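Chain by chain, the residues:
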Amino acid sequence: MSMHFSELAAQAAADGVIAASEVLALRGAGWADGRMDPEEAESLFLANEALREPSPEWTDFFVEALTQFIVNTVDPKGYVDDAMGEELVARIDRDGRVESMAELELLVKVLETALHTPASLKAYALSQIEQAVLHGEGPTRRGALDPQGINAAECALLRRLIFAAGGDRPISVSRAEAEMLFRIKDATLYDVNAPEWERLFVQGVANYLLGFGGHEPLNRDRAAELEQFMNAPGAGIGSFLRRMLGSDVDAEAERGFGSLLSLTPHAADMGEDTEELAHLDPAEELWLRDHLDADEELDPLEKALLAFIAEDTGEELKV
């Protein structure tokens, strides 16, 4: 590259700042061919570690450049091999955790971009994102992390991770991801959380259990259909809850179920493809019962999940 990353790293170490103009020059001169060697990639990491307050321009460049290096250096392009995955984990995990928000964004972006990633990288990313959501502070490219509760930016980060193309089950939710959602739910149950969190928890766990057609990865059209199902206004869970609670839903019940009463429409509204309702197999039902029984009471999000499952399968799970 015409602009050497080693020089950039040395400059950042000296004053802790890389100006937007320097990032622009790096994009135009140093990143013109879109290629990077391992030494240059290492220099990017060193520069990022030396910055006092990385700018949005730097974070964008750091994430984009290193994602291309990690995902497309080894053939076939788009597939992160074991060696590259191990190197990324070792580089980020030098002190036992993700050091910066830029590294956190990099992990998520690699999983979003790659067609396949090693199981070890997926497991590491799940662990790091969980810790970041529960305890992290600082700005990401799409909002700030807050150690108190689950905010909208953290919901967006979790959604990006669990539906990433290179995740455990592309476009679907894996068992490990569903278990992570339960752990986060338990840890933040009594905090003030974003409205998006209830939707993400219900959607994520139900996606794992029901799969909207099974445990094969959903194709993009089916995933879009699921997203439309979850986001469209209508009776859906609300109609089920009103039947369950009776026609007169009192104010306390309304508060307990939050925004659930207008969350989704019934699967039958989706068209002919959903006429055959999904169901839980014995292993899935046992997994769900174990998680529901863990704290010996049903909290509002677990009730929301059961309501969604009953609405989609036509059967109520007795708990």
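Residues numbered from 1 in each chain as written. Predicted model: local features only at pLDDT ≥ 70, side-chain atom pairs only at ≥ 80, totals over all residues. Heavy atoms only, no water.

Caption draft 1: Just the overall build of the protein, in detail. Assigned secondary structure in the protein consists of 15 helices and 2 strands. Taking all 319 residues of the protein together, 49% fall into the buried category. Considering only residue pairs separated by 6 or more positions, the protein has 69% of its internal contacts joining residues 24 or more positions apart. On the protein, roughly 15,100 Å² of surface is accessible, and the fraction owed to carbon and sulfur atoms is 51%. (Helix = DSSP H or I, 4+ residues; strand = E, 2+ residues; numbered from the N terminus. Buried < 20%, exposed > 50% of the residue type's maximum accessible area, 1.4 Å probe, protein only. Contact = heavy atoms within 4.5 Å. Areas by Shrake-Rupley, 256 points an atom, 1.4 Å probe, with all protein chains shown as cover.)

Caption draft 2: The nonpolar core, seen in detail. Within the largest apolar cluster, 79 residues are counted, with the highest numbers of intra-cluster contacts made by Trp 58, Trp 197 and Leu 288. Leave out the neighbours within four places in its chain, and Trp 197 touches Ile 150, Cys 155, Leu 158, Leu 181, Ile 184, Lys 185, Thr 188 and Leu 301. (Core = buried A, V, L, I, M, F, W, Y, C linked by side-chain atoms within 4.5 Å.)

Caption draft 3: Local environment of the pattern of salt bridges. Applying the stated criterion across every chain yields a total of 10 salt bridges. Between Glu 49 and Arg 91 there is a salt bridge, with its nearest N and O atoms 2.8 Å apart. Here Arg 91 lies in helix H5 (residues 82–92) and Glu 49 lies in helix H3 (residues 38–50), a separation of 42 residues in the sequence. By relative accessible area, Arg 91 is classed as buried at 4%. Across the salt bridge formed by Glu 285 and Arg 289, the nearest N and O atoms sit 2.9 Å from each other. Of this pair, Glu 285 and Arg 289 both sit in helix H14 (residues 282–293), 4 residues apart, which is roughly one turn of that helix. (Salt bridge = Lys/Arg side-chain N within 4 Å of Asp/Glu carboxyl O.)

Caption draft 4: Examining the packing of aromatic side chains more closely. By the definition in use, this model includes 7 aromatic pairs. Ring geometry for Trp 58 versus Phe 61: centroids 6.2 Å apart, planes at 55 degrees, classification tilted. Note that Trp 58 and Phe 61 are positioned in helix H4 (residues 56–72) at a spacing of 3 residues, about one turn of the helix. Summarising the burial analysis for this pair, Trp 58 and Phe 61 share the class buried. For the pair Trp 58 and Phe 62, a centre-to-centre distance of 6.2 Å together with 35 degrees between the ring planes defines the contact as tilted. Highlighted residues: Trp 58 and Phe 62, both in helix H4, separated by 4 residues, approximately one helical turn. Pair check on accessibility: Trp 58 and Phe 62 agree, each one buried. (Phe/Tyr/Trp six-rings, centres within 6.5 Å; stacked < 30°, edge-to-face > 60°.)

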